[in-house]
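# What the coordinates show
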Amino acid sequence: MDTEATSLTPRPSFRSRALATEAVHAGRDDLASQGLHAAPIDLSTTYPSYDSRGEAARIDAFATTGARPDGPPVYARLDNPTTARFETALARLEGAASAVAFASGMAALTAVLLARASLGLRHVVAVRPLYGCSDHLLGAGLLGTEVTWTDPAGIAEAIRPDTGLVMVETPANPTLAEIDIRAVAHSCGSVPLLVDSTFATPVLQRPLEHGARIVLHSATKYLGGHGDVMGGVVACDEEFAATLRQVRFATGGVLHPMAGYLLLRGLSTLPVRVRAASASAAELARRLSVDPRVARVHYPEVGGAMVSFEVFGDPHRIIAGVRLITPAVSLGSVDTLIQHPASISHRIVDEGDRRAAGVSDRLLRMSVGLEDIEDLWADLCQALSDGGAVPAARPGKASLPGEAALSGEAPLPGGAPLSGAPTGATAHLSGSPVPSPATRTAEREPRRAGR
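Before going into details, it helps to say that this report is about the structure given with it. The structure displayed is predicted, hence computed values, not measured ones.

In terms of regular secondary structure, the protein is built from 15 helices and 14 strands. The proportion of buried residues among the 451 residues of the protein is 55%. A fraction of 73% describes how many contacts in the protein between residues 6 or more apart in sequence connect residues 24 or more apart. Carbon and sulfur atoms make up 57% of the accessible area of the protein, which totals about 18300 Å².

Rendered as structure tokens:
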């Protein structure tokens, strides 16, 4: 499996300060010495210079090395001081040598794929489920890449001489399935492992500490945290970051400095927001797990503010029934959002692939915000009632919450068959067998945060 002499050399990571402290101060350490308290916003697109020979030398150096230019900025597509502050802060939180920011999470993933393809390494090994657009970008071959889909146990066998990347998402979107990062990294050998850690954030997991080589975030989500900024960021070693900067300069997928400012500001409250929302999410998962209107609850070991659940009723009526919770795509905001993945975030994924990855037609994904838990529960309860279809008790036996869940036979309201739900013990959800109804009832209590 020694497929290449890769430039993505792992580096030891360490933090001299607690995560909460880094979240507040990283990227801002020089402000006091400049007589500033809040980070400045540099909106310039270009910068004056009377030394054209010096400018030429700095541009040549960037073209050769991809390192940030020394001295004042040259052009906003090459570098921006405000964006650089966010990159510095995120790298510190992830324990990475560097980070490179982009206009969106998909722009960040595109840059990674192009950087690997530039070395002739166009093959990607990936584990489903991934975010729907990530799945589509890999599978559609839009960048000239080829993907082999596998489960974690099959990664080593799937690697080829032209494999440039192994990609996983954990917790996965939208089923919240988790992957043992250290075990997968070992299976990758010399091929770099990219972990999409958008759902966990550095607050709950730092993949580089477990052997990953690249960490991807849709910064639009928890890093920004307020639903008002779009961005993406890759944390990695400096050598690969230099290549990513060159790709960013060539393709133009730059993060706007106002977005960089908002993302830096968002990081300062990231630990507080994630921990508060995670506490509410764990409690909602617990209540949903004993609700007779809910067939199955997904909540990850690592914790977090995401909860997914499969319902007996009509998921579309539940989406239409919320009033406090916002029915919208995306996640990670201060307010709670709910959506139907099969209709929105994963609609672009082939229907058969979507179902095989555990994204059933009855699955709902909820991003829990910072509202009061009782207000959220009241709204969700009413919406679940609007969805209808509570399973009837069998004669002489109480109806258990997990009974008949995922049977593949329960009809949607209006007579439409439930297609895509895994069936019995032979179905698979995120690489793990779905237990039969007899054993499923013992799993109703959601797994609590491991850290």
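Further notes follow.
Moving on to the environment of L130. Tracing the chain through its elements places L130 in the loop between β2 (123–127) and α5 (132–139). Taking C-alpha positions, L130 is 8.9 Å from H346, a pair spaced 216 residues apart along the chain.

Turning to the pattern of salt bridges, a few remarks are in order. Summed over all chains, the structure comprises 19 salt bridges. In this structure, E22 engages R92 in a salt bridge whose closest nitrogen and oxygen atoms are separated by 2.9 Å. Placement of E22 in helix α1 (residues 19–25) and of R92 in helix α3 (residues 81–94) is noted, with a sequence separation of 70 residues between them. In the salt-bridge network here, residues are joined through shared partners; they are R17, E22, D29 and R92.

Glancing now at the packing of α3 against helix α10 (residues 257–268). The contact between α3 and α10 brings their axes to 7 Å, and the two run at 35°. In this structure, α3 crosses over α10, and the sense of that crossing is left-handed. In contact with T82, T83, R85, F86, A89, L90 and L93 of α3, α10 contributes P257, G260, Y261, L263, L264 and L267. Partitioned by chemical class, the residues of the contact of α3 with α10 number nine nonpolar, three polar and one charged.

Attention now moves to the sheet that holds strand β7 (residues 232–236). Either a parallel or an antiparallel arrangement is found when strands of a sheet pair, and the pairing is made through backbone hydrogen bonds. Within the open sheet, the seven strands sit side by side as β1-β7-β6-β5-β4-β2-β3. Their pairing is mixed. A single partner strand is all that each edge strand has here, and the edge strands are β1 (98–102) and β3 (146–150). Taking the axes of each pair of neighbouring strands and ignoring which way they run, one obtains an average angle of 20° across the sheet. Note that strand β6 (residues 214–218) and β7 share four bridges and pair antiparallel. Bridge assignment links S218 to a residue of β7, and that residue is G232. Strands in contact with helix α7 (residues 181–188) are β4 (163–169) and β5 (193–196); relative to β5, the strand with the most contacts, it is inclined by about 150°.

Reading the values: the criteria
- Residues numbered from 1 in each chain as written.
- Predicted model: local features only at pLDDT ≥ 70, side-chain atom pairs only at ≥ 80, totals over all residues.
- Heavy atoms only, no water.
- Helix = DSSP H or I, 4+ residues; strand = E, 2+ residues; numbered from the N terminus.
- Buried < 20%, exposed > 50% of the residue type's maximum accessible area, 1.4 Å probe, protein only.
- Contact = heavy atoms within 4.5 Å.
- Areas by Shrake-Rupley, 256 points an atom, 1.4 Å probe, with all protein chains shown as cover.
- Salt bridge = Lys/Arg side-chain N within 4 Å of Asp/Glu carboxyl O.
- Axes fitted to C-alpha atoms, helices over the stretch in contact; angles between N-to-C directions.
- Left-handed = near helix turned anticlockwise from the far one by under 90°.
- Nonpolar A, V, L, I, M, F, W, Y, C, P; charged D, E, K, R; others polar.
- Pairing = 2+ DSSP bridges.

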